[in-house]
Amino acid sequence: MVVRSELTDAEVDAIFQALADATRRDILARVIEREQSVSAIAERYTMSFAAVQKHVAVLERALLVTKERRGREQIVHAHPQSIEHARRLLDDYERLWRSRIHRMQDILDEGNA
Amino acid sequence: MAHISSVKDTEALTLTVTAEFDGQTVERLWRLWADREQLQRWWGPPGWPATFTRHDFDVPGTSIYFMQGPEGDRHYGWWRFHEIAMPERLRIEDGFGDAEGNPDPEMPESGEMIVDFEPTDAGARFSIRSVFSSLEQLDALIEMGQEEGMKLALGQVDEILAEDAQVR
């Protein structure tokens, strides 16, 4: 099973730069839980609204979130495809380890015979 | 029967796989890693058996192995031991390279495995934490020579699911 990235190198770099910051990871975790406006997010932090808006913009460039204008509010949604991609890769790596552990069990069983 | 469970952190790109073995000791599980003969029987994916040409189980120490594919093609890899705290913890850097254990810049960058061993009421367990530096690295690692292993491992899914049911 060959798993190929649908993301370009530049996109992958943007994702990791975006996630390198604790505030941005925190913002992402909040919007994964439920969509919310930039002002609702900003209320959670001591930094300025403009600073929060900049963090959201970095997440947006990394395709981790999308922003939508609704009346006077800007609503931020998580963009699950990038996160889903990471999850699928980790699943594949886990399968490799499960297969190794089964072989370990065979070796251990021989020792008990 | 091994009880296997896992925890994935998609944001920190970390996978922790825990395997519990009833009726085993920590020292016995440790030998699966320390003993070259045993190690080479489980490391390579099915269809890609691993041969360890060197296994200096020491800090600093290097292991060199190759996995041989069904067509006879060889892929070389290396380990560097960063910590060997017998029988509690192993910290190993692993990567791909040449027959002398030199890293190959064309290959996926190296990764780190941290293996913690612990006794349990029923036997012993270890957990392997793999930390990836980027999605790109993880992607490349999975693509690299592991396709065969994945296909065969998928055939074991039913068995694995049955085992999971035994894990709380």
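Since the model is a prediction, treat every value here as computed from it, not as a measurement.

1. Some words on the overall build of chain B
- Helices and strands together make up the secondary structure of chain B, namely 5 helices and 8 strands.
- Overall, chain B shows an N-to-C arrangement of helices and strands of β-β-α-α-β-β-β-β-β-β-α-α-α.
- Per-residue burial over chain B gives 46% buried out of 168 residues.
- Long-range contacts, defined here as pairs at least 24 residues apart, represent 43% of the contacts in chain B between residues at least 6 apart.
- For chain B, the accessible surface area stands at approximately 7800 Å², while carbon and sulfur atoms represent 47% of it.

2. Considerations on the nonpolar core
- Core analysis: the biggest nonpolar cluster contains 65 residues, and Trp 97 of chain A together with Trp 33, Trp 43, Trp 79 and Phe 126 of chain B have the highest contact counts within it.
- Examining the composition of this core, we find that 11 residues originate from one element, helix α5 (residues 80-112) of chain A, more than from any other.

3. With respect to the pattern of salt bridges
Residues and elements named next belong to chain B.
- Inspection of the entire model under this criterion finds 16 salt bridges over all chains.
- Taking the shortest distance from any N to any O, the salt bridge between Arg 89 and Glu 83 comes out at 4.0 Å.
- For Glu 83, a relative accessible area of 25% translates into the label partly exposed.
- Counted as one network, the salt bridges with shared partners bring together Glu 83, Arg 89, Arg 91, Glu 112 and Asp 116.

4. Overview of the sheet that holds strand β1 (residues 36-37) of chain A
Residues and elements named next belong to chain A.
- Sheet architecture is open: 3 strands sit in the order β1-β3-β2, paired in antiparallel fashion. This sheet does not close on itself; its edge strands, each paired only once, are β1 and β2 (65-70).
- One ladder, built from 2 bridges, connects β1 with strand β3 (residues 73-78); its direction is antiparallel. Each residue of the ladder has a partner; that of Ser 37, found in β3, is Ile 75.
- Its contacts with the sheet put helix α2 (residues 22-33) on β1, β2 and β3, and the angle it makes with β3 is roughly 90°.
- Its contacts with the sheet place helix α4 (residues 49-61) against β2 and β3, and it is angled at close to 120° to β2.

5. Focus: the packing of α2 of chain A against α4 of chain A
Residues and elements named next belong to chain A.
- Put simply, α2 and α4 touch, their axes get as near as 10 Å, and they point 75° apart. Here α2 lies roughly perpendicular to α4, going by the angle between them. Taken together, the residues of α4 that come into contact with α2 (itself represented by Thr 23, Arg 24, Ile 27 and Leu 28) are Val 52, His 55, Val 56, Val 58 and Leu 59.
- Of the residues contributing to the contact of α2 with α4, the split by class is 6 nonpolar, 2 polar and 1 charged.

6. Brief notes about the pairing of β3 of chain A
All names here are of chain A.
- Where β2 meets β3, 6 bridges bridge the pair, whose relative direction is antiparallel. Along β3, the bridge assignment pairs Lys 67 with Val 76.
- Connecting β2 to the antiparallel partner β3 that follows it, the hairpin turn spans 2 residues, and Gly 71 within it adopts a positive phi of roughly 65°.

7. Notes on the environment of Ala 42 of chain A
Residue and element names in this part refer to chain A.
- Looking at the element boundaries, Ala 42 is found in helix α3 (residues 38-43).
- When the C-alpha positions of Ala 42 and Val 52 are compared, they lie 5.9 Å apart, and in sequence the two are 10 residues distant.
- If we skip the residues at most four places from it in the chain, Ala 42 touches Phe 49 and Val 52.

How each quantity is defined
- Along every chain, residues carry numbers that run from 1 in the direction the sequence is written.
- Following the order in which they are written, the chains are lettered starting with A and the ligands numbered starting with 1.
- Where local features are concerned, this predicted model is filtered to residues with pLDDT of at least 70; where side-chain atom pairs are given and counted, the filter is 80 or more; whole-chain, interface and lining totals use all residues.
- Note that the side-chain values use all heavy atoms of the structure and ignore hydrogens as well as water.
- Here a strand is any run of E in DSSP of at least two residues, a helix any run of H or I of at least four, and the numbering for each starts at the N terminus.
- The buried label applies to any residue whose accessible area, calculated with a 1.4 Å probe on protein chains only, is under 20% of its type's maximum; exposed applies above 50%, and partly exposed to all values in between.
- By definition in these notes, contact holds between two residues if any of their heavy atoms fall within 4.5 Å.
- Note on areas: these come from Shrake-Rupley sampling with a 1.4 Å probe, and a residue is covered only by the protein chains present in the view.
- Among buried residues, the Ala, Val, Leu, Ile, Met, Phe, Trp, Tyr and Cys ones that are joined through side-chain atoms within 4.5 Å form a nonpolar core.
- Just to be clear on terms, a salt bridge is a Lys or Arg side-chain nitrogen sitting within 4 Å of an Asp or Glu carboxyl oxygen.
- For two strands to be treated as a pair, DSSP must find no fewer than two bridges joining them.
- To obtain an axis, a line is fitted to C-alpha atoms, over the contacting stretch when the element is a helix, and the angle between two such axes runs from 0 to 180 degrees between their N-to-C directions.
- The cut-offs work like this: below 35 degrees is roughly parallel, past 145 is roughly antiparallel, 65 to 115 is roughly perpendicular, and the gaps in between are oblique.
- Each residue is assigned to one class: nonpolar for Ala, Val, Leu, Ile, Met, Phe, Trp, Tyr, Cys and Pro, charged for Asp, Glu, Lys and Arg, and polar for all the others, Gly among them.

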